[in-house]
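Single-letter residue listing:
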Amino acid sequence: MKIFAIETSCDETAAAIVENGATLLSSTLATSKDFHEITGGIVPEVAARKQVEAIVPVIEQTINSSGLKMQEMDAFAVTVGPGLIGSLVVGVAAAKALAFVYNKPLIPVNHLVGHIYANWVDVAEPPKLPALALVISGGHTDLVLMRGHGNLEYLGGTLDDAAGEAFDKTARLLGLKKYLGGAELSKLAASCEKNMLKDKLPRPKIKDEDYDFSFSGLKTAVKRLVESTEIEKEVGGAELFAKSLAREFEDAVSDVVSTKILRAIKEFNVKSVLIGGGVAANQNLRSVLEAKVTTLGVNFHMPPMKYCTDNAVYIASAAFFNNDPYPLDKINANPSLGIVG
Ligand code: KG4
Ligand code: ZN
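None of these values were measured; they are calculated from a predicted model.

About the cut-offs
- Residue numbering note: each chain is counted from 1, following its sequence as written.
- Labels follow written order: the first chain is A, the first ligand is 1, and so on.
- Restriction of local features to residues with pLDDT of at least 70 applies here, the model being predicted, together with a cutoff of 80 or more for giving and counting side-chain atom pairs; totals for whole chains, interfaces and linings are based on all residues.
- Note that water and hydrogens are dropped before the side-chain values are worked out from all heavy atoms of the structure.
- Atoms are scored as donors when they are N, O or S and lie within 2.8 Å of the metal, with 3.2 Å used for Na, K and Ca; no water is included, so coordination may look incomplete.
- Only DSSP runs of H or I covering at least 4 residues are called helices, and only runs of E covering at least 2 are called strands; the numbering of each starts at the N terminus.
- Any residue under 20% of the maximum accessible area for its type is buried, any over 50% is exposed, and the rest in between are partly exposed; the area is computed with a 1.4 Å probe on protein chains only.
- Nearness of a residue to a molecule or strand requires only that one of the residue's heavy atoms be within 4 Å of it.
- Throughout this description, a polar contact denotes any pair of N or O atoms lying within 3.5 Å of each other; where both atoms belong to protein, one of them has to be capable of donating a hydrogen while the other can accept it, and for residues adjacent in sequence the pair is counted only when both atoms sit in side chains.
- Areas reported here follow the Shrake-Rupley algorithm with a probe of radius 1.4 Å; residue values treat only the protein chains shown as occluding.
- Each residue gets one label: Ala, Val, Leu, Ile, Met, Phe, Trp, Tyr, Cys and Pro are nonpolar, Asp, Glu, Lys and Arg are charged, and the others, such as Gly, are polar.
- Domain boundaries shown here were taken from an automatic or database domain assignment.
- DSSP calls a pair of strands paired once it identifies at least 2 bridges connecting them.
- A clockwise path from the first strand over the helix to the second, with the strands pointing away from the viewer, defines a right-handed crossover.

Draft legend 1. Fine view of the coordination of the zinc ion (ligand 2). For the zinc ion (ligand 2), the protein coordination sphere consists of His111 (NE2), His115 (NE2) and Asp310 (OD), at 2.1 to 2.2 Å. Of note, the zinc ion (ligand 2) draws all its donor residues from one chain, in the sequence arrangement H-x3-H-x194-D. In this pair, His115 is assigned in helix α4 (residues 111–116) and Asp310 in the loop between β10 (299–301) and α11 (313–321), connecting sequence segments 195 residues apart. Asp310 shares its class with His115; the two are buried.

The following block contains the structure:
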């Protein structure tokens, strides 16, 4: 079954064709992030306008480079939420038009559930269920128990900032990048040979017997350290300070996330742990989780880096495994959709 999917939840305009939820046939991605870099944050109106400009070329490129014809698609799929309303409606309207013209079903997809399915595309073996799935991105940090396709139980999530938001704000405080600086922060952390700020940041909620997270306190603690000129002198200068802070910040996130996941493995007796979302591209988190999860004899799945951040590939995969077509007039953008509906 070939599904043509569209993703326009934020500042990426993406389309992809995936066969049977697992084999990538074609994928295109355009992004307006350079424009948001200029303003130091996303301007929803600008993102929506860029979606309108990019949507037709992205659709054309995806079908043309596949060597297939639109008539050969078995269904269309589209991200309906969560995301920015102005961006979402562009993709939803385009997908409805395609489904209408080619007289094929349209499958609505939850963006957060989509991130999880990056673990099903182009893999030797699909993840075994039940699984714990962590969606960790710029807008969300959600932990769910996945008993089967379409059978997700919410275990917990962030009570304030998403992990990616904390990465981005820390990168900004360190003067690395104004917008989406998670990857830059990670590069800086990797260059740190000795963490001079070890255990100087809190591990919020690490001891709490729940599966919720809180990252805003971590961000505030980073701010306090950055504002303290004394600490900078103590650790031996600005460069050493910045590298150590990046290292300590990543360690704090990885400690909290891995501790909660290990507790959930024991409580729910799962066969696998899956991660997805932009922060799932973080090398430190990937290696810490892989080491700890596999020690317990549980399979660990992480998508290749290119499928961590937003794209339409996993939207097509999620649509295949949650093949629930709706009448076109019942499919609408829902900017505040949660991971379990
Ligand atoms: O999933 P995504 O593309 O968009 C949302 O749905 O939010 O995630 C974007 C987030 C941003 O916060 C970005 O800084 C973060 O993922 N990110 C990273 C890395 N690559 C992207 N955070 C930490 N380490 C990385 N290597
Ligand atoms: Zn995302």
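Draft legend 2. Here's a closer look at the site of ligand 1. By nearness alone, 18 residues border ligand 1, and Gly138, Asp168, Gly182, Gly278 and Asn282 come closest of all. Interatomic distance of 3.2 Å between a side-chain N/O atom of His115 and an oxygen atom of ligand 1. When ligand 1 sits alone it has 560 Å² of accessible area, and the protein chains cover 87% of it. Tallying contributions element by element places helix α5 (residues 163–173) first for the shell around ligand 1, with three residues. When the residues that make up the shell around ligand 1 are grouped by side-chain class, the tally is five nonpolar, eleven polar and two charged. Each of domain 1 (2–120 + 307–330) and domain 2 (131–303) gives at least three residues to the shell around ligand 1.

Draft legend 3. Representation of the pairing of strand β5 (residues 106–110) in the model. In terms of burial, β5 is a largely internal element, four of the five residues being buried. Summarising the sheet, strand β4 (residues 75–81) and β5 pair through five bridges and their orientation is parallel. Looking at β5, one finds that Ala77 is bridged to Ile107. Viewed along the sheet, the connection from β4 through helix α3 (residues 85–102) into β5 turns out right-handed.

Everything listed is a geometric property; what it means functionally is a separate question.
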